[in-house]
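Analysis of the macromolecular model
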Amino acid sequence: MARAVTPQRKIINTAAAWAVGLAIFFPILWTILTSFKTEAQAIADPPIFLGFDWTLENYKVVMERSDYAKYLWNSIIIAGGSTLLGVIIAVPAAWSMAFVPSRRTKDILMWMLSTKMLPAVGVLYPIYLLFIKLGILDSQIGLVIVLMLINLPIIVWMLYTYFKEIPGEILEAARMDGATLKEEVIYILTPMAVPGIASTILLNVILAWNEAFWTLNLTAAKAAPLTAFIASYSSPEGLFYAKLSAASTMAIAPILILGWFSQKQLVSGLTFGAVK
Amino acid sequence: MTLWLERHVPKLVLAPSFAAILLFVYGFIAWTGWISLTKSRLMPKYDIEGVQQYTRLFDAPRWDVAMNNLYIFGALFIVIAMVLGLLLAILLDQKIRTEGVLRTIYLYPMALSMIVTGTAWKWILNPGLGLEKVVQGWGFENFKFDWLVNPDYAIYTIVIAAVWQSSGFVMALFLAGLRSVDSEIIKAAQVDGIPTTRIYTAIIIPSMAPIFLSAFIVLSHLAIKSFDLVIAMTNGGPGYATDLPATYMYAMAFSRGDLGQAASSAMIMMLVVFTIVVPYLYSELRTRND
């Protein structure tokens with residue numbers, strides 16, 4: 001709602017909005033700060049906000065003791081792999097629904113999306129057993145496949161909403177000029193669809209990166225990503241807040257940084273394309 | 001041949017997604033449904049025995065707690081997140097200078113794994129360390145805040161963390177909605193001297209009804225699926241005071257070795273989703289088609 005705001009009101013509003021922002025950011029900030037404290041300072045009474053002796057000790061210990069690199073690598077492979085595979089399958093599907101719609105297209109789309117609403121526990125055990133049979137329990141490839149399938153409806157849906165906004169006249173004009181189906185997709189559709197695809201990819205990487213239900217249930221030592229690492233870290237070392245914070249900071253840093261440099265895609269992706 | 005291809009390509013490219021979802025979702029749900037009718041314990045058995053798993057489930061006090069928690073958690077979480085999200089959107093819509101950055105900060109909790117941010121919440125809500133100590137340090141010696149370890153109140157700490165995680169997301173939806181309200185109508189109302197609060201309650205908010213619906217659908221689906229939140233913050237405890245259906249099912253399947261119970265609880269969860277979410281989804285579909 002655009003309307004005139006007096007300068008004082010504007011300052012008060014901005015201050016209020018920033019106060020809320022700080023409150024929201026506080027738990028994240030606190031985790032980062034705690035990761036640089038000693039264990040004693042992390043649980044000091046009263047809590048210390050900034051006046052502590054900054055140390056990198058926690059990071060060193062976490063890296064040495066728990067093979068952080070392996071978990072990080074698993075996270076990258078699983079998030080990247082499932083996203084890539086999902087987009088490859090979803091782009092043609094979304095393309096056909098957006099540009100060659102049939103009577104059933106809307107129904108199929110809604111049906112796909114509705115499956116996403118179903119709780120994952122309903123399919124957990126059969127997949128678990130299937131994975132044992134196929135010998136892909138606790139493997140990267142297994143998780144890539146599962147996370148791809150889990151997020152496929154969202155990828156198709158999001159790409160569809162973006163593709164819908166590409167004017168069909170452009171495609172008709174290209175066809176008039178004799179472009180083949182392949183050329184149409186490569187030279188016209190793809191460049192116009194890049195922003196939408198980028199938001200979709202970012203959302204999917206975030207979803208897969210944060211996925212805990214499937215990764216906790218289907219991995220053990222070999223293919224466990226960072227979420228499983230944090231979960232395992234927090235039980236036996238429950239009282240070691242500083243080290244746990246260091247591990248947590250390393251797990252969220254990639255998303256914080258990636259999100260900061262692609263804010264537009266982040267907002268667009270996290271709202272499932274509702275905010276363009 | 002090429003002509004045939006061109007005509008059928010749309011269907012062919014849709015087929016893999018279609019088939020994957022069909023098998024993956026319905027095939028496996030059917031399997032779970034089957035198992036819920038057997039006497040499976042540690043390993044699946046396939047002889048149908050009737051509905052005894054369901055009677056056992058409804059007799060289990062722990063399942064009662066889990067379902068009750070789902071109602072409390074779901075209702076509070078959805079209502080509070082919607083109200084806060086709307087207020088935040090209205091605040092950000094007041095021509096704030098650094099809106100873009102603030103919007104990103106408000107959305108950050110949604111982008112981060114709750115398994116990870118749960119750590120900070122455990123510290124903040126820990127009676128011996130966080131909020132309680134800070135407030136006591138300000139001179140309120142008698143201040144107590146032990147919800148995290150109090151079986152009667154622990155579920156509300158889950159609500160707090162869930163609201164923290166999702167209200168920025170609701171804010172972003174509503175903010176987009178506020179921007180799409182026809183500014184001519186608002187100007188006309190302002191010229192007529194209608195007070196701002198009245199403009200919001202009578203014109204702007206009613207016109208955002210579809211956004212309320214989308215927010216409701218996404219939030220309810222988040223509520224029913226909440227799993228990592230509980231695992232990260234309380235692990236279902238103290239005792240099983242913060243169990244939700246998802247964690248109940250998980251405990252039955254993987255630590256209790258009671259597959260039949262796990263399957264029947266999964267089927268009940270499925271039923272809850274179907275009765276709550278799916279009607280909304282289809283009403284949404286119908287209005288969009290019109």
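Residues numbered from 1 in each chain as written. Chains lettered and ligands numbered in written order. Predicted model: local features only at pLDDT ≥ 70, side-chain atom pairs only at ≥ 80, totals over all residues. Heavy atoms only, no water.

The name recorded for chain B in an unreviewed UniProt entry is Sugar ABC transporter permease, from Donghicola mangrovi. The UniProt entry for chain B carries the following comment under Sequence similarities (unreviewed entry): "Belongs to the binding-protein-dependent transport system permease family." (UniProt positions renumbered as here; feature names shortened; annotations may be inferred.)

Chain A goes by Carbohydrate ABC transporter permease in an unreviewed UniProt entry, where it is assigned to Donghicola mangrovi. Heading Sequence similarities (unreviewed entry) of the UniProt record for chain A holds this comment: "Belongs to the binding-protein-dependent transport system permease family." Quoted verbatim from the Subcellular location (unreviewed entry) heading of the UniProt record, the comment on chain A is "Cell membrane".

On the chain A side, the residues contacting the 91 residues of chain B number 86 residues. Here chain B meets chain A over a buried area of about 8600 Å², counting both sides, of which 77% is carbon and sulfur. If you sort the residues of chain B by the area they bury against chain A, Phe24(B), Tyr108(B) and Trp123(B) come out on top, with a joint share of 8%. The interface formed by chain B and chain A contains zero salt bridges. Summed over the shared surface of chain B and chain A, the number is nine residue pairs in polar contact (both at pLDDT 80 or more). When residues of the side of chain B that touches chain A are assigned to their parent elements, the largest contribution, 18 residues, is made by helix α1 (residues 2-35) of chain B. Looking at the side of chain B that touches chain A residue by residue, the classes come out as 68 nonpolar, 13 polar and ten charged. (Contact = heavy atoms within 4.5 Å. Buried area = accessible area lost by both parts, 1.4 Å probe. Salt bridge = Lys/Arg side-chain N within 4 Å of Asp/Glu carboxyl O. Polar contact = N/O pair within 3.5 Å; in protein donor to acceptor, adjacent residues only side chain to side chain. Helix = DSSP H or I, 4+ residues; strand = E, 2+ residues; numbered from the N terminus. Nonpolar A, V, L, I, M, F, W, Y, C, P; charged D, E, K, R; others polar.)

With that settled, consider the layout of surface pockets. Approximately 410 Å³ is the volume found for the second largest pocket. Lys122(B), Ile231(B), Ala232(B), Thr234(B) and Asn235(B) are, among the 22 residues lining the second largest pocket, the residues nearest its centre. Among the secondary structure elements, those contributing two or more residues to the lining of the second largest pocket are α11 (226-234) of chain A together with α5 (114-125) and α11 (228-233) of chain B. Across the lining of the second largest pocket, the residue classes tally to twelve nonpolar, nine polar and one charged. (1 Å grid on protein atoms, 1.4 Å probe; cavity = no way out; pocket = protein on both sides within 12 Å on 5 of 7 lines; lining within 4 Å. Points joined across faces, edges and corners; volume = space filled by probe spheres on them.)

On to the side chain of Arg62(B), then. Counting through the fold element by element, Arg62(B) comes out in helix α3 (residues 61-92). For Arg62(B), the contacting residues outside a window of four places in its chain are Tyr240(B), Asp243(B), Tyr248(B), Ala251(B) and Arg256(B).

Take empty space enclosed by the protein next. In the structure shown here, the tally under the stated rule is six cavities of 30 Å³ or more. Estimated volume of the largest cavity: approximately 760 Å³. If you go around the largest cavity, you meet 38 residues; those closest to its centre are Leu207(A), Glu211(A), Leu222(B), Lys225(B) and Asp228(B). Of all the secondary structure elements, the ones that give two or more residues to the lining of the largest cavity are α7 (140-164), α9 (181-210) and α10 (213-218) of chain A together with α3, α4 (99-111), α7 (154-180), α10 (209-225) and α11 of chain B. With five residues, α9(A) is the largest single contributor of residues to the lining of the largest cavity. Class assignment for the residues of the lining of the largest cavity results in 27 nonpolar, seven polar and four charged. By volume, the second largest cavity is sized at about 170 Å³. For the lining of the second largest cavity, the secondary-structure elements that each account for two or more residues are α5 (105-117), α6 (121-134) and α7 of chain A together with α1 of chain B. The dominant element in the lining of the second largest cavity, judged by the number of residues it contributes, is α1(B), at four residues. Class assignment of the residues belonging to the lining of the second largest cavity gives a composition of twelve nonpolar, two polar and two charged.

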